[in-house]
Amino acid sequence: MPSEETTAAGPVPRKRDDIPGWFFGLDRAAFSHLLSAQTAAGVSGNILELGSYLGRSAVLLGDHLQPGERLTVCDLFDSEAADAENAAEMTMSYRKTLTRSAFESNYLAFHAELPEIVQAPTSVLADGRIPAGSCRFVHVDASHLYEHVSGDILVARAALAEDGLISLDDYRSEHTPGVSAAVWEAVFTGGLQPVLLTPMKFYGTWGDAAAARRTLLARDWRAEDYAVDEDTIAGHQVLRLNYQVKAPAQLQRSASRRIALDLLPPVATRATRRVLRTLRERRDVRPTPSS
Ligand SMILES: C[S@@+](CC[C@H](N)C(=O)[O-])C[C@H]1O[C@@H](n2cnc3c(N)ncnc32)[C@H](O)[C@@H]1O
């Protein structure tokens with residue numbers, strides 16, 4: 001059996017899924033679609049990520065860099081947080097596993113050069129070191145505290161070019177109410193327009209949201225087993241993207257599920273449970289406590 005390659009930072013990932021983190025298939029597809037569509041449309045600009053952990057999402061962002069474009073990542077990595085609440089968050093979720101050198105070695109397993117790395121609280125980016133309007137895509141996935149996320153959204157807004165896109169993680173998780181508050185506040189008072197919602201991430205723009213939605217709808221997601229829905233939230237049209245839930249899983253959510261399973265012959269019940277289990281596994285359910 002071939003031995004696993006390791007560095008001082010740990011095992012070298014062979015595939016992107018080997019990198020620990022919280023970036024899953026559905027958002028990977030949404031990121032890739034939006035970034036590729038920008039490139040195809042001749043839109044260029046830098047990419048910024050706030051909160052990279054061990055590089056799982058950063059590696060994908062790096063895949064989309066075109067000549068002349070730059071990826072900047074900002075993370076505390078193994079530095080101290082600036083306040084007690086953030087320090088507690090770091091201890092609970094990241095300290096045991098996260099080092100800057102592990103991020104670097106994971107990133108370099110897939111790309112020839114490191115991105116620009118800012119090892120500091122994301123609040124340092126408010127000093128204007130990211131040139132205004134220089135980015136086409138910003139991924140916000142750092143602290144989950146309301147005050148920090150509000151600041152991160154302001155940094156993203158200044159960094160983004162006119163029709164640039166922001167993706168915000170954990171906008172609806174039970175354990176991250178501060179993110180929800182900051183995101184919807186930006187929508188209702190800060191001009192942020194929702195474009196797309198997935199179970200994990202909010203996507204929006206301060207530019208042409210209708211154009212971004214058209215870009216998404218140009219793909220036949222349903223043919224690829226995704227579900228696309230449209231909603232209106234206080235006058236904002238928004239798309240929702242998830243995996244399609246097929247007939248057996250709909251049973252899971254209905255009150256009649258248990259009865260149905262009880263009434264089915266044992267062989268059919270086992271088969272139905274197998275399908276349900278597979279669908280649950282595909283649904284990118286994040287363990288808690290989490291990111
Ligand atoms: C959820 S993880 C990022 C996950 C990563 N994007 C992925 O897809 O796997 C959050 C990251 O934010 C970082 N972080 C937390 N608070 C921060 C702060 N105030 N400033 C900068 N980074 C912070 C943590 O060190 C951690 O690496």
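Residues numbered from 1 in each chain as written. Predicted model: local features only at pLDDT ≥ 70, side-chain atom pairs only at ≥ 80, totals over all residues. Heavy atoms only, no water.

A.B. asks: Before we go on, may I ask you to explain the site of the ligand in this structure?
C.D. replies: Taken together, 22 residues are adjacent to the ligand, and Ser57, Asp75, Asn86, Thr122 and Asp141 come closest. Contacts to the ligand include Trp22, whose backbone N or O atom sits 3.1 Å from an oxygen atom. Within the backbone of Thr122, one N or O atom sits 3.0 Å away from a nitrogen atom of the ligand. Across the complex, the protein chains shield 100% of the 600 Å² of accessible surface that the ligand would expose by itself. A molecule is said to occupy a pocket when more than half its atoms come within 2 Å of that pocket's grid points, and by this definition the ligand occupies the second largest pocket. At the level of elements, helix 2 (56–63) and helix 3 (84–93) are the ones that each hand at least two residues to the shell around the ligand. Residue composition of the shell around the ligand, by class: 10 nonpolar, 9 polar and 3 charged. (Near = heavy atom within 4 Å. Polar contact = N/O pair within 3.5 Å; in protein donor to acceptor, adjacent residues only side chain to side chain. Areas by Shrake-Rupley, 256 points an atom, 1.4 Å probe, with all protein chains shown as cover. 1 Å grid on protein atoms, 1.4 Å probe; cavity = no way out; pocket = protein on both sides within 12 Å on 5 of 7 lines; lining within 4 Å. Sits in = over half its atoms within 2 Å of the grid points. Helix = DSSP H or I, 4+ residues; strand = E, 2+ residues; numbered from the N terminus. Nonpolar A, V, L, I, M, F, W, Y, C, P; charged D, E, K, R; others polar.)

A.B. asks: Please clarify how the pattern of salt bridges should be interpreted in this entry.
C.D. replies: Between side chains of opposite charge, a pair can form when the charged atoms approach closely. What the rule picks out here adds up to 11 salt bridges. In this structure, the salt-bridge partner of Arg136 is Glu69, at a minimum N-O distance of 2.8 Å. With Arg136 in strand 6 (residues 135–140) and Glu69 in the loop between helix 2 and strand 4 (71–75), the pair connects residues that are 67 residues apart, well separated along the chain. A single burial state applies to Arg136 and to Glu69, both of which are buried. As a salt-bridge pair, Asp127 and Arg129 come within 2.9 Å of each other at their nearest N and O atoms. (Salt bridge = Lys/Arg side-chain N within 4 Å of Asp/Glu carboxyl O. Buried < 20%, exposed > 50% of the residue type's maximum accessible area, 1.4 Å probe, protein only.)

A.B. asks: So what exactly am I meant to see when it comes to unusual backbone geometry here?
C.D. replies: Trans is the common state for peptide bonds, and a negative phi is the common state for residues other than glycine. Of note, the phi angle at Tyr53 is positive, near 50°, even though the residue is not glycine. Judged by relative accessible area, Tyr53 falls into the buried class, the value being 12%.

A.B. asks: Help me out: how do you make sense of the side chain of Glu69 in this one?
C.D. replies: The exposure class of Glu69 is buried, given its relative accessible area of 12%. A distance of 3.0 Å separates a polar side-chain atom of Glu69 from the backbone nitrogen of Gly45. Contacts of Glu69, omitting those with residues within four sequence positions, involve Val43, Ser44, Gly45, Asn46, His64 and Arg136. (Contact = heavy atoms within 4.5 Å.)

A.B. asks: Which parts of the structure should I look at to understand the sheet that holds strand 6?
C.D. replies: Each strand in a sheet pairs with its neighbour through backbone hydrogen bonds, running either in the same direction (parallel) or in the opposite one (antiparallel). Taken in spatial order, the 9 strands line up as 5-4-3-6-7-9-8-11-10 in an open sheet, and their pairing is mixed. Both edges of this open sheet fall to strand 5 (116–119) and strand 10 (226–233), since each of them pairs with a single strand only. For this sheet, the mean inter-axis angle between neighbouring strands, taken without regard to orientation, is 20°. In terms of strand pairing, strand 10 meets strand 11 (residues 236–243) through 8 bridges, oriented antiparallel. Within strand 11, the position partnered with Ala227 by the bridge is Asn242. Against the sheet, helix 7 (residues 209–217) contacts strand 7 (160–169), strand 8 (193–197), strand 9 (201–205), strand 10 and strand 11, and its axis sits at roughly 15° relative to strand 8. (Pairing = 2+ DSSP bridges. Axes fitted to C-alpha atoms, helices over the stretch in contact; angles between N-to-C directions.)

A.B. asks: It is not clear to me how the confidence of the model for the protein should be interpreted in this structure. Could you clarify?
C.D. replies: Fine structural detail should not be taken from predicted coordinates in areas where pLDDT scores are low. When pLDDT is averaged across the protein, the result is 89; 83% of the residues are at 70 or more. Here residues 283–289 scores under 50 on pLDDT; set against residues more than four positions off or in separate chains, the count is 17 contacts. (pLDDT = per-residue confidence, 0-100.)

A.B. asks: Please explain the packing of helix 5 (residues 146–159) against helix 6 (residues 177–189) as it appears in this structure.
C.D. replies: Packed helices, taken two at a time, are described by their axes: the angle between them and the distance between them. Across the interface, helix 5 lies against helix 6 with an axial gap of 8 Å and an inter-helix angle of 35°. The element helix 5 and its partner helix 6 pack so that their crossing is right-handed. Note on element contacts: helix 6 touches helix 5 through Gly178, Val179, Ala181, Ala182, Val183, Glu185 and Ala186, opposite Tyr146, Val149, Ser150 and Ile153. Residue classes in the contact of helix 5 with helix 6 are distributed as 8 nonpolar, 2 polar and 1 charged. (Left-handed = near helix turned anticlockwise from the far one by under 90°.)

A.B. asks: Whenever I open this one, the side chain of Thr72 confuses me. Can you help?
C.D. replies: Considering the arrangement of structural elements, one finds Thr72 in strand 4. Accessibility expressed as a relative area gives 6% for Thr72, which makes it buried. Sequence-distant contacts of Thr72, that is, excluding residues within four places in its chain, are made with Ile47, Leu48, Glu49, Glu116, Val118 and Ile130.

A.B. asks: Sorry if this is basic, but what is going on with the nonpolar core here?
C.D. replies: If you look at soluble globular proteins, the nonpolar side chains tend to sit buried side by side. With 45 residues, the main nonpolar core has Phe31, Leu196 and Leu241 as its most contacted residues. For this core, the secondary-structure elements that each account for two or more residues are helix 1 (25–40), helix 2, strand 4, helix 4 (100–108), strand 8, helix 7, strand 10 and strand 11. Among the elements that make up this core, the one with the highest residue count is helix 1 (6 residues). Within the second largest apolar cluster, 30 residues are counted, among which are Leu50, Val155, Ala186 and Leu192. (Core = buried A, V, L, I, M, F, W, Y, C linked by side-chain atoms within 4.5 Å.)

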